[in-house]
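So the chains spell out like this:
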Amino acid sequence: MIELRDIRKSYGSVEVLKGITASVEKGEVVCIIGPSGSGKSTILRCINGLESYNSGEILVEGQRVDRNAPSIVSIRTQVSMVFQRFNLFPHRTVLENVIEGPVFVKKEPRKEAIERARMLLAQVGLAEKADAHPPQLSGGQQQRVAIARALAMQPKAILFDEPTSALDPELVGEVLGVMRKLADDGMTMVVVTHEMGFAKEVADRVLFIDGGVIVEQGAAKDVLNDPKHARTQDFLRRVLHPL
Amino acid sequence: MQAFLRDATEFLPILLEGVRLTILVTIGSLILSTLLGLVWAIMRVSSIKLISRTSAGIINVIRGIPIIVQLFYIYFVMPDLGVSLTALQAAIIGLGIAYSAYQAENFRAGIEAIDKGQIEAAQSIGMGWWMTMRRVVLPQAVRLVLPPYGNTMIMMLKDSSQASTITVAELALQGKLIASSTFKNTSVFTLVALLYLVMSIPLILFVRHFEKKAGRP
């Protein structure tokens, strides 16, 4: 459902993606791991059209992603994004954050949107926070609202850009729990993460990226338990045993 | 003191006529400068170079010409071009345009202070540029912009006196006329000063209110 063909992307003279080719099937959970600055987040941002790419082609359900074409709106409503820093709208309540896209972009009737939003908030365990404002919530709660906001668009896939990296360690679990439930329900997910435990248990496939190229990819268990490439081995050793 | 009170009861009705015009000019030019300023600011932050440069050019031209000259231009030159305005209309339009440049820079600062993540979040749920502005950026920018906006309001109240130069008989001009015909300079200009002060008090309270509010997280 998502296809990347030889994606290249430069910032000025620095090439951050040097020919990324990958695909994500419907219902699949793909984790992207790798060191900081390796281009992981840039891949997600290109899929969603938040960044442009210099060459290659990204297709979502057969539709070419071009951030300057009108079609980008329909792609964005099909592929939602969850950000590292939540990016909830602080001037609106939790409920308003969740219905914002359905009501104002997809022009759904307000009543229906509210009904579904309440259901989604219950699903992420925040039914009672519907009328709170985001700054009153903990990081973990804010990220769960952000997931509900993404789900409210009824997307075919969700992109997660380091969803737990900005959280206190004790709050990581509640967010990963919600994500695991989503994966179990068959949601197509692309997750940039440093949570190897999550990748191991939930991901179908793992891509290891370094220096703008896919160094190794395969079934999550294979890549994480038995990496073939020296660079992957080295990375995993450092992440799993920092001392 | 008694003499002052006697003068006050005598002159106040005439001065209040001036107050009426001062308020009219201030409110009129405030509305116009806010709307124009918003247009310049939104153009200024556009990613399309031609639009943002046009706006920057307009702002610099307006800023670079003294308000009084702009008033003269609109009131005395426009009729030559076939556009005749009453003094009051010319004052409101002149001050409104002159102040739109300062409003625009203030609004732009507010818009640019909004976290980029907010814009990305809006885009990621499919919002276009204009909807992102209207639903996400501007409502948040308003909070940042209000304290300096209050200051601009006070400055506009006082600068409305420049309308006197194109014969609008607002408070300052009424004062000058009474003073020059009665020679009671002390009484008249004390009254004029007090009236300006009284009018600015609600604005000062407005500024204080929003400065407190903006200070809250």
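Residues numbered from 1 in each chain as written. Chains lettered and ligands numbered in written order. Predicted model: local features only at pLDDT ≥ 70, side-chain atom pairs only at ≥ 80, totals over all residues. Heavy atoms only, no water.

## Brief notes about the nonpolar core
At step 1: The biggest cluster of nonpolar side chains holds 95 residues, and the ones touching the most others in it are Ile2(A) and Met189(A).
At step 2: In this view, Ile2(A) contacts Ala22(A), Ser23(A), Val24(A), Ile47(A), Leu59(A), Val60(A), Ala157(A), Leu159(A) and Val190(A); residues no more than four positions away in its chain are not counted.
At step 3: Core analysis: the second largest hydrophobic core is formed by 47 residues, Leu30(B), Ala87(B), Leu138(B) and Phe210(B) among them. (Core = buried A, V, L, I, M, F, W, Y, C linked by side-chain atoms within 4.5 Å. Buried < 20%, exposed > 50% of the residue type's maximum accessible area, 1.4 Å probe, protein only. Contact = heavy atoms within 4.5 Å.)

## Some words on the sheet that holds strand β5 (residues 63-64) of chain A
Residue and element names in this part refer to chain A.
At step 1: Taken together, the four strands give an open sheet; going across it, the order is β2-β1-β4-β5, and neighbouring strands pair in antiparallel fashion. Each end of this open sheet is capped by a strand with a single partner; those strands are β2 (14-24) and β5.
At step 2: The pairing of strand β1 (residues 2-11) with β2 spans eight bridges and is classified as antiparallel. Residue pairing for β2: Glu3 is matched across the bridge by Ser23. (Pairing = 2+ DSSP bridges. Helix = DSSP H or I, 4+ residues; strand = E, 2+ residues; numbered from the N terminus.)

## Quick look at the pattern of salt bridges
At step 1: Applying the stated rule across the entire model yields 26 salt bridges over all chains.
At step 2: A salt bridge links Asp234(A) to Arg237(A); the shortest N-O distance between them is 2.6 Å. With a gap of three residues between them, Asp234(A) and Arg237(A) both fall in helix α9 (residues 230-240), about one helical turn apart.
At step 3: Overlapping salt bridges, with partners in common, bring together Lys9(A), Arg45(A), Glu51(A), Lys116(B) and Glu120(B) in one network. (Salt bridge = Lys/Arg side-chain N within 4 Å of Asp/Glu carboxyl O.)

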